[in-house]
Each structure stands twice: as structure tokens, then as C-alpha cells.
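Here is what each chain is made of, one letter per residue.
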Amino acid sequence: MPVGARVSLRVPASSANLGPGYDTMGLALGLYDELTVTRTAEGLAFELEGEGAQTVPRTPEHLIVRAIRAAWAAAGLTGELPGLGIRARGRIPHSRGLGSSASAILAGVVAGSALLPEDLRLSEQALLQVCSDLEGHPDNVAPSLFGGLAISWGEEHPEGPRWRSARVPVDPRVHPVVAVPDYEVSTRLARELIPAQVPHALAAADAGRAALLVRALSGAPELLPAATRDYLHQEHRCEAMVPTARMVRALRDRGFAAVVSGAGPSVLVLAESADRAEQAAREMRHLGAEAAGQDPAAPHWRIEGLAIDASGVTLVDEERPIRRR
Ligand SMILES: Nc1ncnc2c1ncn2[C@@H]1O[C@H](COP(=O)(O)OP(=O)(O)OP(=O)(O)O)[C@@H](O)[C@H]1O
Ligand SMILES: N[C@@H](CCO)C(=O)O
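In the nomenclature of an unreviewed UniProt entry, the chain corresponds to Homoserine kinase from the organism Rothia kristinae. Its UniProt record gives the chain a comment under Subcellular location (unreviewed entry), which states: "Cytoplasm".

**Considering the sheet that holds strand E7 (residues 175-181)**
Read from one edge to the other, the open sheet built from four strands follows the order E8-E9-E7-E10, with strand pairing classed as antiparallel. With partners counted over all chains shown, the strands left at the sheet margins are strand E8 (258-260) and strand E10 (301-305), one partner each. Adjacent strand axes in the sheet meet at a mean angle of 20° when their direction is disregarded. Here E7 runs beside E10; their pairing, made up of five bridges, is antiparallel. Its bridge partner being in E10, valine 177 is matched across the sheet by glycine 305.

**A short note on the site of ligand 1**
In the vicinity of ligand 1, 17 residues are found, and the nearest of them are Ser95, Gly99, Ser100, Ser101 and Thr187. For ligand 1, a nitrogen atom lies 3.1 Å from a polar atom in the side chain of histidine 94. Serine 95 is positioned with one of its backbone polar atoms (N or O) 2.8 Å from an oxygen atom of ligand 1. For ligand 1, whose accessible area on its own is 640 Å², the fraction buried by protein is 81%. Considering each element in turn, the shell around ligand 1 owes the most residues, three residues, to helix H2 (residues 100-114). Residue composition of the shell around ligand 1, grouped by class: five nonpolar, 10 polar and two charged.

About the criteria used
- Residues numbered from 1 in each chain as written.
- Chains lettered and ligands numbered in written order.
- Predicted model: local features only at pLDDT ≥ 70, side-chain atom pairs only at ≥ 80, totals over all residues.
- Heavy atoms only, no water.
- UniProt positions renumbered as here; feature names shortened; annotations may be inferred.
- Pairing = 2+ DSSP bridges.
- Helix = DSSP H or I, 4+ residues; strand = E, 2+ residues; numbered from the N terminus.
- Axes fitted to C-alpha atoms, helices over the stretch in contact; angles between N-to-C directions.
- Near = heavy atom within 4 Å.
- Polar contact = N/O pair within 3.5 Å; in protein donor to acceptor, adjacent residues only side chain to side chain.
- Areas by Shrake-Rupley, 256 points an atom, 1.4 Å probe, with all protein chains shown as cover.
- Nonpolar A, V, L, I, M, F, W, Y, C, P; charged D, E, K, R; others polar.

Rendered as C-alpha cells:
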């Protein structure tokens, strides 16, 4: 890895769970973080702009640096960190349920791998494993890695889950709309609110809706409102995101397939057509304004229709997705 070696990439945001697909389903969204990593003579230099630039530590503990290290460790390289320049432009808001941590991890691991000599670079399966181990679950990592809709699972193994993922083609009529509030909820906190066990009947109901969701997203979008009903996590997390829970409920009452995006607090609507996406955005604006009229402390919402990203993480200089192997 000579001084001056450089890699640039962009990585999409993601929305995990999609209602009943807790820790399993995720969709890549057309909102991107950009990263350039350069091998320098010595030291660690950061040039950060956009989301998180004022809050993340500019130290070896920075998530992207930890991820680069993890890629090199997976390739069998340990020891002192060489000189690195990290230039990052963040567009994915942090702690809002749009997969910022998974995207940062993926950016670091893919950049770290791409800087290695070809015979040491990580396979796609290894990228999925390293990133999901760091994140703790695969449902954001997989769509940001592969693009589109990903269904992921862990196969039992004595050393920990072996992460796997399958892609499912998405019906082009499906249009995501997100409402991102100006308050944060950490995923760690949101996970602590979920009980260790749930009644069998709820688990069965959730499994049914998750199966229906695959059908709805891949060719029957009219089923999306029914298919996005969740029984495992959203209700338990309400207390950490009351305005979000209210907006999801109000949108569902009006027939929209609204869910908490990831661990929240953003709201995601999976609209069954472009027209319905516009209606959802209008309704989200109306609900946000109505809440602000009743309570000056109500959150401000940024509402945006987003494309579904189909490519996943992409090496920018080469204008192509990472090599498939
Ligand atoms: N680009 C980044 N660079 C450095 N650290 C980051 C970056 N993106 C996220 N992080 C770290 O991850 C934290 C947010 O992760 P968290 O898992 O709580 O939420 P999220 O990934 O945005 O949402 P979710 O997991 O619900 O989709 C931030 O507070 C920050 O510490
Ligand atoms: N499945 C994860 C997604 C957020 O990282 C959760 O809901 O906690």
C-alpha cells in the first residue's frame, strides 16, 4: 500500500425492518455518504463535512477508522495504523433510523479492502460478515452493500453467526418517502426497550406479515399497508419516540404503509405509486404542521421522496459497484 494510494466511494443509506422484518429486511435508499481514504506518510488527518462533522471524534476511535482496521484484520494484517487521510461528506443523518452507522462501517471496510493488494481484498461475503459483526446485525449493511431490497439472516456457528443475505427485486411502482425529525434516538437505546421474549402468537403474526411483505414489495404493492404491520418492536419503542409513533399511527389510519424507519425516529412510507408518494408527503407535512401548531416543542420534520438505490456501495473513480466475487 504505497503512500499516495487512494480510494473514493459512495455508500447509500438504508431503512431496516420495514415493519415486520425486524433485524432481517432492509432497503437501500438514494441518499449517499461519500468517502475518500488516502495512504499518507504518517498520522491521521480528517476532513469532515456535512452530517456528523461536528460530533464524531477525530481520533482512531472514529467509526470509519475502526472499520478500516477491521478490514485489514480480516485480511490478516494487524499492527500499527499507517498514515491515513480521511475525507468524508455525510448526507445520511445520524441516529435517525437511516442506517448511518452501517453505511459508515461499510464505507471504511470497503475502502480498507480496496487499498489492499488484489490478492488480499475481501470477498463480498467477507465484507458482509465483517461489517455485520461490527454493526451487530446485517439488515442495514446488506442493502447498503448490494443495493435494493435485502433479506438477511445468521446461520448458527460456534464462533458467532455467519451472515447471509438474499436480494429480492422490488416492484418499480414502490416509492419510499421519509420524514426525518430533528431529534435523535440511538439504536443502542432503542434495542434495550425490546423484551427478550414475545408470545408465540405475536411471533407467528409477525412472520406472516413479513412473508406477505416480500410479496407486496416484489409485485403486489396494494398489499403494503397490511404487509407492513409489525408485532415485535415498534410498540415497545414508542416511549423513546412519541412524535414518531403518533405520525406512524395517523398515516396508517389514513391507509398509508407507514413504519418506523430502522430503530427510529424517522418515519418511512412505502407508497404503492408515485401519486400515493406525493399524497403521503403532503399528509406528513400536514401532520407535522398540525403537531407544531398544538405544541411549540414538537419536532420539525424534513420530508423527502427517495429513490431505491439499486447499486449499493460504489467505487467512485471506477464508476462501478464493487467487484462481485
Ligand atoms: N459517517 C460516520 N462517521 C463516524 N461515525 C458515524 C458515522 N455515521 C454514524 N456514526 C456513528 O453512529 C452513531 C449512529 O448510529 P445508530 O446505530 O445509533 O443510528 P443509525 O445507524 O443512524 O440508525 P439505525 O441503526 O436505526 O438505522 C452516531 O452517533 C455516530 O457515533
Ligand atoms: N434492526 C435494527 C435496525 C436499526 O439498526 C433495529 O431495529 O434495532
